[in-house]
Amino acid sequence: MRCCDRHLRRTEPAPGGSRNELVTPPPRSRRNGWSGKPENLQLISYLTYTYFVIVGFGIFIPLLPTPWNLMAYGLLGFLFIVHLVTHIASVTIDPAEPSVRARNYSTTLPTFDKNKHAHVILDLHCKICDIDVGPRAKHCKTCNKCVTDFDHHCIYLNNCVGRRNYWFFFVTALTAAIGVLLLLLIVLFIFIEHFLNPAVLRTAPQFQGLNNSTWLVFLPLAPVQTSSVGLLVVSSFTIILALVYFLVLVHLLGFHIFLLTNKVTTYEYIMKKRQARNNRDVESGRKQSRPTSAESAKPQPSVNVSVDCESPMPSLTSQTSHSSAEYEDERKELAARLSMAICAELRRLQILSSPGPNNYYSTRASTEMMPGMRALSESLSWTGLQQVVVNGEQGSEMSTEATPVIQNPLGSSVIGTAAVEQQLSVDARSESALSQQ
């Protein structure tokens, strides 16, 4: 296994617009956690592990009584060794797809073009690696490779966690949590006994002839003298650091136990939570868009459609069609024709009824010759005209043979469009006869 191979599989840079233009290449492919630049948290985890080994085996375990220190050496040593081995295995193992591992990592990879493809993996085929992958595989953007049964990219390992190294990662977290808990209990015991009964911690033969304020560390091979304050400061710092790491490791371990119980990966769990959050946002948006019961109970304002008597009268179409669009146009034209005819008749009645020297027969014409139209002019208001237009333009339940009608104010009879046009023609002939007289 080429675990320390630092040859990087570079990706092909995108072509620039000119020769002097600098193009940033995509992230480099990594073989494992030793490839590329190490993560900051990876270095911090190494330093923390080294610190726990030094203070645990060099300062605190030697201060325990004789039977307990041997047990602590054996148990804590086993946990720390297993943790180190599994951690190295998790970092070293390449979790990529078999087709990716079979390739040479020094070859270039094409650049993913979002204008051509919406996703890197589509129909179980990776556009960058140009291979067929499994249903639970994912192309890691940090490592720039497809990982089998991708779980997550661990920044403490600087490597992806997949099918090949998942159990090594799980044992690493488990041994780390148990080891930190054991070390925390040991340090707490020493911290408490330092105040209650310090003689229990000074059973080593090197403490003979020393006063109670002097303590020895790195027993038994290289004893170094230190003060009581120095021992308490190191103990307090170790307790705080171990407690923080223990809480983080317990949370991580409990989360992965939950994932194993439900048989899902970390990536699938995150995708499900994101989808559920998006669905909740959509539902909340729909609820906000719906009117409340109080708002729906309020009366809606009526739509007022004004009748413009100065606009020219549109002509009716001569061709009949059964399509909805043409029928809607014909209905609007018919309503406009009817409203214009009524407007013209109202103007004529106003002229005839107005007093003046040139209007001799106005009273006789309005009372004797046109009693029906006079009653119609008195009863029809602009609101009634608007309602006629609204009924003509917005009535959606009217059939193709139906005709807009106007209620006769003198009775229960209904005046249709043809009757109105016939009455208008009779009135026009009457007016011409009056003018001839």
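Before reading on, note that the structure itself is shown above.
I will try to describe carefully the structure that is included in this document.

Analysis parameters
- Residues numbered from 1 in each chain as written.
- Predicted model: local features only at pLDDT ≥ 70, side-chain atom pairs only at ≥ 80, totals over all residues.
- Heavy atoms only, no water.
- Phe/Tyr/Trp six-rings, centres within 6.5 Å; stacked < 30°, edge-to-face > 60°.
- Helix = DSSP H or I, 4+ residues; strand = E, 2+ residues; numbered from the N terminus.
- Buried < 20%, exposed > 50% of the residue type's maximum accessible area, 1.4 Å probe, protein only.
- Polar contact = N/O pair within 3.5 Å; in protein donor to acceptor, adjacent residues only side chain to side chain.
- Contact = heavy atoms within 4.5 Å.
- Core = buried A, V, L, I, M, F, W, Y, C linked by side-chain atoms within 4.5 Å.

## Digging into the packing of aromatic side chains
- Using the criterion set out here, one finds 14 aromatic pairs in the structure.
- For the ring pair Phe52 and Tyr245, a centre distance of 6.1 Å and an interplane angle of 85 degrees mean the geometry is edge-to-face. Pair noted here: Phe52 is in helix 1 (residues 40–60) and Tyr245 is in helix 5 (residues 228–262), with a separation of 193 residues, a long-range link.
- The class of Phe52 is buried, set by a relative accessible area of 4%.
- Ring centres of Phe57 and Phe80 lie 5.9 Å apart, and the angle between their planes is 90 degrees; on these two criteria the pair is classed as edge-to-face.

## Focus on the side chain of Ser90
- With respect to the element layout, Ser90 can be found in helix 2 (residues 66–92).
- For Ser90, a relative accessible area of 0% translates into the label buried.
- A polar contact of 2.8 Å, which involves the side chain of Ser90, links it to the backbone oxygen of Thr86.
- If we ignore the near neighbours within four places in the chain, the residues touching Ser90 are Leu157, Asn159, Asn165, Phe168, Phe169 and Thr172.

## Side note on the nonpolar core
- In this structure, Phe60, Ile186, Ile190 and Phe207 are the most contacted members of the largest nonpolar core, which totals 33 residues.
- Of all elements in the fold, only helix 1, helix 2, helix 4 (166–196), strand 7 (214–217) and helix 5 reach the threshold of two or more residues within this core.
- The element that contributes the greatest number of residues to this core is helix 4, accounting for ten residues.
- Apart from the residues lying within four places of it in its own chain, the contact partners of Phe207 are Leu63, Leu201, Arg202, Thr214, Trp215, Leu216 and Leu219.
- With eleven residues, the next largest nonpolar core counts Tyr105, Leu109, Cys126 and Val133 among its residues.

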